[in-house]
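Listed below, chain by chain, are the residues.
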Amino acid sequence: MPKVSFTTETGLTKGGPWLDRIQRKVKNISVLDKVEADGIKALSAATPVGETGQTAAGWQGRKKKTGNGGELNFINVAHPQESVNIAKIKELGHGTGTGGYVPPKPYMKQAMAPVWAKVSTYLREELSE
């Protein structure tokens, strides 16, 4: 599934206070809030809709702070009763129980491309505050 993470490193001798300030801002992971909202919206809109639309509505973001930044994972929680991730098999294609084949409908990468393009803008905005 799509994943984004930001990492900062300390120990650089030049730039001292400025780099420390940037590191604190990135560790606040507010950029991830924006990316999460945009990603959920993009994935939901791009997910092929079946009979119920549950897969399209099942996107969530899961954020966590890490030792040197933050991490965001997009997951699809629709159809928990199924043994496979429906969003993933729509993306990759799959065999059917009766010997047929459902071809892939790649949508995740294309849906997330504009979101990834905004990340640098969000970071610039965050760091200039």
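Placed above this text is the structure.
Residues numbered from 1 in each chain as written. Predicted model: local features only at pLDDT ≥ 70, side-chain atom pairs only at ≥ 80, totals over all residues. Heavy atoms only, no water.

### Some words on the overall build of the chain
Thinking step 1. Helix and strand content of the chain: 5 helices and 5 strands.
Thinking step 2. When its helices and strands are written in sequence order, the chain yields β-α-α-α-β-β-α-β-β-α.
Thinking step 3. For the chain, buried positions account for 36% of its 129 residues.
Thinking step 4. Sequence-distant contacts in the chain: of pairs separated by 6 or more residues, those separated by 24 or more amount to 60%.
Thinking step 5. Carbon and sulfur atoms make up 55% of the accessible area of the chain, which amounts to about 8,000 Å² in all. (Helix = DSSP H or I, 4+ residues; strand = E, 2+ residues; numbered from the N terminus. Buried < 20%, exposed > 50% of the residue type's maximum accessible area, 1.4 Å probe, protein only. Contact = heavy atoms within 4.5 Å. Areas by Shrake-Rupley, 256 points an atom, 1.4 Å probe, with all protein chains shown as cover.)

### Examining helix α5 (residues 108-128)
Thinking step 1. Between the first and last C-alpha of α5 there are 31 Å, a value that for 21 residues agrees with the 30 Å anticipated at 1.5 Å per step.
Thinking step 2. The sharpest bend along α5 measures roughly 30° and falls at Pro114. (Expected span 1.5 Å × (residues − 1). Bend = angle between axes of the 7 residues up to and from the residue.)

### Structural notes on the pattern of salt bridges
Thinking step 1. Within the structure shown, the criterion is met by 4 salt bridges.
Thinking step 2. We note a salt bridge from Lys63 to Glu36, for which the minimum N-O separation is 2.7 Å. Separated by 27 residues along the polypeptide, Lys63 in strand β2 (residues 59-66) and Glu36 in helix α2 (residues 30-46) bring together distant segments of the chain.
Thinking step 3. On the basis of relative accessibility, which here comes to 34%, the residue Lys63 falls in the partly exposed class.
Thinking step 4. Lys64 is paired through a salt bridge with Glu71; the nearest N and O atoms lie 4.0 Å apart.
Thinking step 5. Taken together, the salt bridges that share partners define one network made up of Asp33, Glu36 and Lys63. (Salt bridge = Lys/Arg side-chain N within 4 Å of Asp/Glu carboxyl O.)

### A short note on the pairing of strand β3 (residues 69-76)
Thinking step 1. Of all 8 residues that make up β3, 6 are buried, and the element is covered over most of its length.
Thinking step 2. Bridge analysis of β2 against β3 gives 8 bridges, and the strand direction is antiparallel. Among the inter-strand pairings, Trp59 is bridged to a residue of β3, identified as Asn76. (Pairing = 2+ DSSP bridges.)

### Details of the nonpolar core
Thinking step 1. If you look at the biggest cluster of nonpolar residues, it comprises 17 residues, and the most contacted ones within it are Val35, Leu43, Trp59, Phe74 and Met108.
Thinking step 2. Contributions of two or more residues to this core are made by α2, β3 and α5.
Thinking step 3. It is α5 that contributes the most residues to this core, 7 residues altogether. (Core = buried A, V, L, I, M, F, W, Y, C linked by side-chain atoms within 4.5 Å.)

### A few points about α2
Thinking step 1. For α2, with 17 residues, the first-to-last C-alpha span of 25 Å sits near the 24 Å given by 1.5 Å per residue.
Thinking step 2. For α2, the complete set of buried residues consists of Val31, Leu32, Val35, Glu36, Asp38, Gly39, Ala42 and Leu43.

### So, the environment of Glu126
Thinking step 1. Within the secondary structure, Glu126 is located in helix α5.
Thinking step 2. Residue class for Glu126 comes out buried when judged on its relative accessible area of 11%.
Thinking step 3. Sequence spacing of Glu126 and Val31 is 95 residues, and the spatial spacing of their C-alpha atoms is 7.1 Å.

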